[in-house]
Amino acid sequence: MSVLTIAIVIAFILGYACIALEGVTKVNKAAVALLMFVVCWTIYMINPGQYITGVEPDQINNAVNDIIERHLGSTSTTLFFLMGAMTIVEIVDQNGGFNFVRETMKTKSKRTLLWRIAFMTFILSAILDNMTTTIVMVMVLRKLVQEHTDRIIYAALVIIAANSGGAFSPIGDVTTIMLWNRNLISAAGVIKEVLLPSIVSMVIPALILQTQLKGELTTPDTSITNKGAEDFTSKQRKTIFFLGVGGLCFVPIFRYLTNLPPFVGILLILSVLWVTTELFYHHLQKDEKGGMNKRVTNLLTHIDLSTILFFLGILMAVSCLEEVGVLTTAGQWLNDVSHGNHYIVTGVIGVISSIVDNVPLVAGCMGMYPLQVAGDFAIDGIFWQLLAYCAGVGGSMLIIGSAAGVIAMGLEKISFGWYMKHITWIAFVGYIGGIFTYYLLKTFVY
C-alpha cells in the first residue's frame, strides 16, 4: 500500500476506535463518523491521480466528485429508508397502535410469558427495527413483571429474539436493509433460506432460559391501559397500526411489482399514513381536543437524526476504503486464510459484530466482495445470506453488540458483566445452531 493509502487506513482505524470507545470518550459516535468520513476523503484528495486511471489530469477533480456523488446516492437510499421506517414506527407507537401487544402478552405463567415475549419480539422485529421492538417489549415487561431479577432474563431474551427476527427480514435490521438496497439479497430469498436458522437461534436460548423461570407472576395483569392514545378511538388506532405495520410488510411487494428502490415504497407508506392521521386529527381540531403534538409534523422532531448522520459518516468513510482498494485486498486475504470457506469468514464477522458495530462490518464486506452473476457471491448467494444472518444474530453475544442490547441495558440497568456471565454463552449456542441449520438446509434441501 502507498503512504497515502496507509494514512487513510490509519484515519479510519482511529475513528473506528473512538466510535467503539464512545462510552469512555463521551463523544457522540455520529460526530466521530462524520469527521472520519471527511478526513478520509480529504487525504484521498491529496493525490487522487494514483487511484483514478484513464482520466485526463484536468478532469480528475470532476471524476472524484462523480465518485463521491455515486457513493452518496447509494448511501442515501439506505438513509431515506431508515428515516421513513423510523417515522412510521413513531406514528404508530405515539398514537396507540401497539397497545394490542400488551393485551396479547397477558398471562400468569412465567414460562408462558417467556415464549409469548420471544415470538412476539421475533415477529415484530422482522417488521420494525430491533431498537424500536426492544423499547416496545421492555415497556410491556414493566407492566407485567414486577421482579427485576426475572425481568432482566426476559429482557435478555428480547435482545436475542429482536436480533434473530431482524436477520431474516429485508426490513428487519439495518444490515439487511443495506444488503437488500444493494441487490445482494432478495426479499423472497433471504426469508426462505434464513428464516429457519433465525428461528433456531432464538428457540435454543429460549429453551435454556426457561429453566431459570418457574412458577407464576407475582403481580396481576390488570393494569394495562391505553394511556397516551386517548385522542383516537379503538378503530382508529387499529387503522393506524395496520396501515403502518401492514405497510412495512407491503414494501417488499411494492419493490417486486414496480422495481423501484425500497425507500420509494417506504415513502409511499409514510405518505398514506400521514394523510390518514391528518384526517383523523382534523376532527379533533374542530372539537378543540388535545394531543395535537402527536401529528406527524411534530413527530418528525423525534427521529434520531444523530443515528442517521452516523450511518452517513460510516458508510461514506467505508466507500473511501473501497475506492483505494483496501477492502478488495482484505477480502482476498480472508479468502486465503479461510481457504474460501464462507462459513468461517461470516462466522468470524458475526463474532466481531458483538464487539463493534455491524454496520461498518457489513459495509466493508460489500466493498470487499463484488456481486457476481452466479455462484456464492451472486444475488442470494451463500455468502450474502450468511452475512445477513451472522451480522444480525452475532450482535446478541454481548449486550453492547447491538442497538437492542444497548437499549435494554439502559432501560433495565443490565450490567455488562451480568450479561456476559449469564447470557453470552447461551446466545453463542443459538448463533452456532443457526449456522449449522443453514448448512444443513443448503446441503440437503436447497
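None of these values were measured; they are calculated from a predicted model. (Residues numbered from 1 in each chain as written. Predicted model: local features only at pLDDT ≥ 70, side-chain atom pairs only at ≥ 80, totals over all residues. Heavy atoms only, no water.)

1. Focus: the overall build of the protein
Basically, it comes down to this: Helix numbering and strand numbering both begin at the N terminus, where a helix is a DSSP run of H or I of at least 4 residues and a strand a DSSP run of E of at least 2. Here the globule rule is a power law, 2.2 Å times the number of residues to the power 0.38, and the radius of gyration is based on C-alpha atoms. Here the term buried applies to any residue with accessible area under 20% of the maximum for its type, exposed to any over 50%, and partly exposed to those in between, with areas from a 1.4 Å probe on protein chains only. Any two residues whose heavy atoms approach within 4.5 Å are treated as being in contact. Only the protein chains shown count as cover for residues, and the accessible areas themselves come from Shrake-Rupley with a 1.4 Å probe. The charged-residue count follows a simple rule in which Lys and Arg add positive charge and Asp and Glu add negative charge, with His and chain termini not counted at all. The atom standing in for a charge is NZ when the residue is Lys, CZ when it is Arg, CG when it is Asp and CD when it is Glu.
When you go through the protein residue by residue, the secondary structure sums to 21 helices and 0 strands. For a compact globule of 446 residues, the expected C-alpha radius of gyration is about 22 Å, and the protein comes in at 23 Å, within 12% of that figure. Across its three principal directions, the C-alpha atoms of the protein cover 70 × 55 × 45 Å. Scored against the burial criterion, the 446 residues of the protein give a buried share of 54%. The long-range fraction of contacts in the protein, counting pairs at least 24 apart against all pairs at least 6 apart in sequence, stands at 77%. Surface accessibility of the protein: about 19400 Å² in total, with carbon and sulfur atoms responsible for 65%. Across the protein, the 27 positively charged side chains and the 28 negatively charged ones have centroids separated by 13 Å.

2. A few points about the side chain of Ser164
The residue Ser164 is located in helix H8 (residues 148-167) in this model. Since its relative accessible area comes to 0%, Ser164 is described here as buried. Once residues lying within four places of it in the same chain are set aside, the contact partners of Ser164 are Phe122, Ser198, Ser201, Met202 and Val393.

3. Overview of the confidence of the model for the protein
Applicable threshold: Across the chain, each position has a pLDDT score giving the predictor's confidence in that residue, from 0 to 100.
When pLDDT is averaged across the protein, the result is 83; 92% of the residues are at 70 or more. Low pLDDT (under 50) marks residues 220-228, which in the prediction has 15 contacts with non-local residues, meaning those over four places away or in another chain.

4. Brief notes about the nonpolar core
Put simply, the test is: By convention a nonpolar core is built from buried Ala, Val, Leu, Ile, Met, Phe, Trp, Tyr and Cys residues, the set being connected through side-chain atoms within 4.5 Å.
By size, the foremost hydrophobic cluster in this structure holds 140 residues, and its most contacted members are Ile8, Tyr44, Phe81, Leu179, Trp384 and Tyr419. Dropping the residues within four chain positions of it, Tyr419 is found in contact with Ala156, Ile159, Ile160, Ser396, Met397, Leu398, Ile399, Ile414 and Thr424.

5. Examining the packing of H8 against helix H18 (residues 382-393)
Heads up, the rule is: Comment: axis = line fitted to C-alpha atoms, over the contacting stretch for helices; angle = value between 0 and 180 degrees taken between N-to-C directions. Geometric relationships in this document are graded by angle, where less than 35 degrees denotes roughly parallel, more than 145 denotes roughly antiparallel, 65 to 115 denotes roughly perpendicular, and other angles denote oblique. Note on convention: the crossing is left-handed when the near helix lies turned anticlockwise from the far helix by less than a right angle, right-handed when the turn is clockwise. Ten residues, namely Ala, Val, Leu, Ile, Met, Phe, Trp, Tyr, Cys and Pro, are considered nonpolar, four, namely Asp, Glu, Lys and Arg, are considered charged, and the remaining ones, Gly among them, are considered polar.
Contact geometry for H8 and H18: axes closest at 8 Å, N-to-C directions at 165°. With respect to each other, H8 and H18 are oriented roughly antiparallel. As for how H8 packs across H18, the hand of that crossing is right-handed. Residues Asn163, Ser164 and Ala167 of H8 touch H18, and the partners they reach there are Ala388, Tyr389, Gly392 and Val393. Of the residues that constitute the contact of H8 with H18, the class distribution is 4 nonpolar, 3 polar and no charged.

6. Side note on helix H14 (residues 305-323)
In plain terms, the rule: A helix's residues, less one, multiplied by 1.5 Å, set its expected span.
Over its 19 residues, H14 extends 27 Å from the first C-alpha to the last, a length consistent with the 27 Å expected when each residue adds 1.5 Å. Judged by how many residues are buried, H14 sits mostly within the fold: 14 of 19 residues are covered. Directly beyond the C-terminal end of H14, a positive phi value near 90° is found at Gly325.

7. Here we look at the pattern of salt bridges
Basically, it comes down to this: We define a salt bridge as a contact between a side-chain nitrogen of Lys or Arg and a carboxyl oxygen of Asp or Glu at a distance within 4 Å.
All told, the structure shown has 5 salt bridges when counted by the stated rule. Arg142 is paired through a salt bridge with Glu412; the nearest N and O atoms lie 3.1 Å apart. Residue Arg142 is located in helix H7 (residues 130-144), and its partner Glu412 is located in helix H19 (residues 403-412); the two are separated by 270 residues in the primary sequence. By relative accessible area, which is 39% here, Arg142 ends up partly exposed. Among the residues examined, Glu412 registers a relative accessible area of 2% and is labelled buried.

8. Description of unusual backbone geometry
Within the chain, Asn259 stands out as a residue other than glycine whose phi angle is a positive 65°. Among the secondary structure elements, Asn259 is positioned in the loop between helix H11 (234-258) and helix H12 (262-286). In this structure, Asp380 is a non-glycine residue whose phi angle is positive, near 65°. Along the chain, the position of Asp380 falls in the loop between helix H17 (358-368) and H18. What makes Asp380 buried here is its relative accessible area of 18%.

9. Considering helix H1 (residues 3-20)
For clarity, the threshold we go by: To be clear, the arc concerns the directions from the helix axis to the C-beta atoms.
Taking 1.5 Å per residue, 18 residues should reach 26 Å; H1 reaches 26 Å between its end C-alpha atoms and fits that length. Among the residues making up H1, those that are buried are Leu4, Thr5, Ile8, Val9, Ala11, Phe12, Gly15, Tyr16 and Ile19. Buried residues of H1, viewed axially, fall in a sector of 160°; they line one side. Opposite the buried face of H1, at more than 90 degrees from it, the exposed residues are Val3, Ile13 and Leu14.

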